[in-house]
2 protein chains.
Amino acid sequence: MLGNSRPEPIPPARPSLRKQPRQARSRALVDVILDATARVLVRDGYAALTTNAVAAVAGVSIGSLYQYFPNKDALVLALRDRHSRRMHALIMAEVAHWETAGHDATLADLMGRTLHAAIEAHRLEPALHKVLALEAAHLETHHEEDETDGFLRALLERHAQGPNPEVTVPDLGIATFIVGRMAHALIHAVVLDPPPGADAHALEREAVRAVMAYLTA
Amino acid sequence: MLGNSRPEPIPPARPSLRKQPRQARSRALVDVILDATARVLVRDGYAALTTNAVAAVAGVSIGSLYQYFPNKDALVLALRDRHSRRMHALIMAEVAHWETAGHDATLADLMGRTLHAAIEAHRLEPALHKVLALEAAHLETHHEEDETDGFLRALLERHAQGPNPEVTVPDLGIATFIVGRMAHALIHAVVLDPPPGADAHALEREAVRAVMAYLTA
DNA sequence: CGTAAATACGAGTGATCGCTCGCATCATTG
DNA sequence: CAATGATGCGAGCGATCACTCGTATTTACG
């Protein structure tokens, strides 16, 4: 025995949780730490985010923090994951809600509802979302957008077929790409950075109009 | 005399150049330092950007660097300014070029040319532009976008008047906002983050189509 | 050429901060 | 009620890095 009793011989490429919190108190601890991370991030920005500050704001010891997060980036990544999951859940709840109700909506209707749901989801924690989008963009990208793109593509394909297609775009792959980027940018613009004094409803209406105009031009 | 001979009693809010480079060699030095900043930024990212590294890559002393830049942020800000000015100059050269030639182009034509010029400008130093957009977004915003917005608004206004307006959008203020964000996002998507295997020309065409579809829907 | 100003230098300093480690406390299990 | 593992603690280490300051070199200019 060479005395090497490390439980993790090879650190995982994706820095996530170092140790699984088993008991209830430790699970609560992880949540409290992520809450504190969000507060520091929103209040002081990424540059001022130190592990010591997070621990202090969370009211836990720096040692406890490192029981569950291998490094500083893991903290932000975990927070972003939690935030993404919450937004995604919100959107999917909306979508599920329609499907129980009437079917066969027009593309304009579906797109309007989808964008509206996405916009509402962005209003969950807009300040946090803005900081994450602005200052955590250099961290490894996650798959939120991939999922969104899949959803979008399916929606477009469904309405580009049949005898009277509503979607008149030449290339569905490119169209998905363009619409994805457009929608993302417009949602952020409308929710996180609206021009001063503008009406939120009008902005949303125009964002939907922009997407639909492209698809059905 | 209390011996306080500091030339800058109050540090400027905007950290720019600490001292004006007067001689040719010092002007060259500033340029070399900004070049080095760009290289380090592109190669290693913002997190790894240290003033010592920049000085080393530039082949100058750390002391010389601080003769002209009051702090690290000033370095990045100055680089971004230089980069913006170069891009802006490229675009304006294009615009001036049309105006000497024929007039009275259609909106679709003008918008296509404008977006094309912007896209070409983004191809100047795409890697640098990407890093700046992604990792220097938290620094104070500059006025590049304000200028672009002014240009855009003038363009729209010119084509929203008269008996047969090409622009059919309800509110010009909102339209400028929407088009500005759309164009910005699509240009970045097309130049800095195109989907693998996609044709650059097709992407550009669709970007223009998207903008025009919104304006003339 | 002489002198003063401008420029260039780089070792070193002070402060910050990510992270460890040895120990205390709490929960679980038999 | 042990005994064992899980959890929690926080002083402090080690490394990094922005930035200073005293000095050396170069240029401008009469």
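Quick note: structure is the one above.
If you're wondering where the values come from, they're calculated on a predicted model, not measured in any experiment. (Residues numbered from 1 in each chain as written. Chains lettered and ligands numbered in written order. Predicted model: local features only at pLDDT ≥ 70, side-chain atom pairs only at ≥ 80, totals over all residues. Heavy atoms only, no water.)

1. Overview of the overall build of chain A
- The secondary structure content of chain A amounts to nine helices and zero strands.
- Going from the N terminus to the C terminus, chain A shows its helices and strands as α-α-α-α-α-α-α-α-α.
- When its C-alpha atoms are laid out on the principal axes, chain A stretches across 75 × 50 × 30 Å.
- Classification of the 217 residues of chain A by burial places 41% in the buried group.
- If you sum the accessible surface of chain A, you get close to 11,900 Å²; carbon and sulfur atoms cover 55% of it.
- Distance between charge centroids for chain A: 10 Å, based on 22 positive and 26 negative side chains. (Helix = DSSP H or I, 4+ residues; strand = E, 2+ residues; numbered from the N terminus. Buried < 20%, exposed > 50% of the residue type's maximum accessible area, 1.4 Å probe, protein only. Areas by Shrake-Rupley, 256 points an atom, 1.4 Å probe, with all protein chains shown as cover. Lys, Arg positive; Asp, Glu negative; His and termini not counted. Charge placed at Lys NZ, Arg CZ, Asp CG, Glu CD.)

2. So, the pattern of salt bridges
- Scanning the model with the defined rule gives 18 salt bridges over all chains in all.
- A salt bridge links Asp44(B) to Arg43(B); the shortest N-O distance between them is 3.8 Å.
- Owing to a relative accessible area of 39%, Asp44(B) belongs among the partly exposed residues under this scheme.
- Ionic contacts of the salt-bridge type, sharing partners, join the residues Asp31(A), Asp35(A) and Arg82(A) into one network. (Salt bridge = Lys/Arg side-chain N within 4 Å of Asp/Glu carboxyl O.)

3. Some thoughts on the protein's contact with DNA strand C
- Taken together, 24 residues are adjacent to DNA strand C, and Thr51(A), Arg22(B), Ser61(B), Gly63(B) and Ser64(B) come closest.
- Near-protein atoms of DNA strand C (within 4 Å) split between backbone and bases, with sugar and phosphate holding 67%.
- Between Arg22(B) and DNA strand C, the recorded distance is 3.0 Å, taken from a backbone N or O atom to a phosphate oxygen.
- Take Gln23(B): an N or O atom from its main chain is 3.0 Å from a phosphate oxygen of DNA strand C.
- Elements with a minimum of two residues in the surface near DNA strand C: helix H2 (51-58) and helix H3 (62-68) of chain A together with helix H1 (24-44) and helix H3 (62-68) of chain B.
- By residue class, the composition of the surface near DNA strand C is seven nonpolar, 11 polar and six charged. (Near = heavy atom within 4 Å. Polar contact = N/O pair within 3.5 Å; in protein donor to acceptor, adjacent residues only side chain to side chain. Nonpolar A, V, L, I, M, F, W, Y, C, P; charged D, E, K, R; others polar.)

4. Structural notes on the relation of the copies chain B and chain A
- Mapping chain B onto chain A leaves a residual RMSD of 0.0 Å; the transformation is a rotation of 180 degrees accompanied by 0.0 Å of translation along its axis. Classification of the inter-copy transformation places it as that of a two-fold axis.
- Comparing interface residues between copies, 100% of those in chain B also sit at the interface in chain A, which points to an isologous, same-surface contact. (Least-squares fit on C-alpha atoms with pLDDT ≥ 70 in both. Contact = heavy atoms within 4.5 Å.)

5. Side note on the packing of helix H9 (residues 200-216) of chain A against helix H8 (residues 172-192) of chain B
- At their nearest, the axes of H9(A) and H8(B) sit 10 Å apart, and the two run at 50 degrees to each other. The angle between H9(A) and H8(B) places the two elements in the oblique class. Every pair of crossing elements has a handedness; the one defined by H9(A) and H8(B) is right-handed. Within the contact between the two elements, H9(A) uses Ala202(A), Leu203(A), Glu206(A), Ala207(A) and Ala210(A) and H8(B) uses Ile174(B), Phe177(B), Ile178(B) and Met182(B).
- Of the residues contributing to the contact of H9(A) with H8(B), the split by class is eight nonpolar, no polar and one charged. (Axes fitted to C-alpha atoms, helices over the stretch in contact; angles between N-to-C directions. Parallel < 35°, antiparallel > 145°, perpendicular 65-115°, else oblique. Left-handed = near helix turned anticlockwise from the far one by under 90°.)

6. Concerning the nonpolar core
- Judged by nonpolar contacts, the single largest core of 78 residues is most densely connected at Met182(A), Leu215(A), Met182(B) and Leu215(B).
- Counting residues in hydrophobic clusters, the runner-up holds 27 residues, among them Ala36(B), Ala55(B), Ala58(B) and Leu132(B). (Core = buried A, V, L, I, M, F, W, Y, C linked by side-chain atoms within 4.5 Å.)

7. A look at the protein's contact with DNA strand D
- Within the structure, DNA strand D sits among 25 residues, and Arg22(A), Ser61(A), Gly63(A), Ser64(A) and Thr51(B) are positioned closest to it.
- Counting only the atoms of DNA strand D that lie within 4 Å of the protein, the sugar and phosphate share comes to 68%.
- Here a base nitrogen of DNA strand D sits 3.2 Å away from a polar atom, N or O, in the main chain of Gly63(A).
- Contributions of two or more residues to the surface near DNA strand D are made by helix H1 (24-44) and H3 of chain A together with helix H2 (51-58) and H3 of chain B.
- In terms of residue count, H3(A) provides more of the surface near DNA strand D than any other element does, five residues in total.
- The residue inventory of the surface near DNA strand D, partitioned by class, reads eight nonpolar, 11 polar and six charged.

8. Some points on the side chain of Glu135(A)
- Looking at where Glu135(A) falls in the secondary structure, it is placed in helix H6 (residues 126-135).
- It turns out Glu135(A) is buried and unbridged, and the closest side chain with the opposite charge, Lys130(A), is 9.8 Å from it.

9. Some details on the packing of aromatic side chains
Residues and elements named next belong to chain B.
- Here the structure, examined in full by the defined rule, presents zero aromatic pairs over all chains.
- The ring of tyrosine 68 carries the charged tip of lysine 19 above its face, separated from the ring centre by 5.9 Å.
- Between lysine 72 and the ring centre of tyrosine 46, over which it is positioned, the NZ or CZ distance is 5.4 Å. (Phe/Tyr/Trp six-rings, centres within 6.5 Å; stacked < 30°, edge-to-face > 60°. Lys NZ or Arg CZ within 6 Å of the ring centre and 35° of its normal.)

10. What about the environment of Leu49(B)?
All names here are of chain B.
- Mapped onto the elements of the fold, leucine 49 is located in the loop between H1 and H2.
- The buried category is assigned to leucine 49, whose relative accessible area is 0%.
- Separated by 10 residues in the primary sequence, leucine 49 and arginine 39 place their C-alpha atoms 9.8 Å from one another.
- The contact partners of leucine 49, leaving out residues within four places of it in the chain, are Thr37, Val40, Leu41, Val54, Lys72 and Val76.

11. Some details on H9(A)
- In this model H9(A) runs 24 Å from its N-terminal to its C-terminal C-alpha over 17 residues, within 8% of the 24 Å that 1.5 Å per residue would give.
- Judged by how many residues are buried, H9(A) sits mostly within the fold: 12 of 17 residues are covered.
- Every buried residue of H9(A) is accounted for by Ala202(A), Leu203(A), Glu204(A), Glu206(A), Ala207(A), Val208(A), Ala210(A), Val211(A), Met212(A), Ala213(A), Tyr214(A) and Leu215(A).
- Each element contacted by the buried residues of H9(A) is listed here: helix H5 (107-122), helix H7 (144-160) and helix H8 (172-192) of chain A together with H8 and helix H9 (200-216) of chain B. (Expected span 1.5 Å × (residues − 1).)

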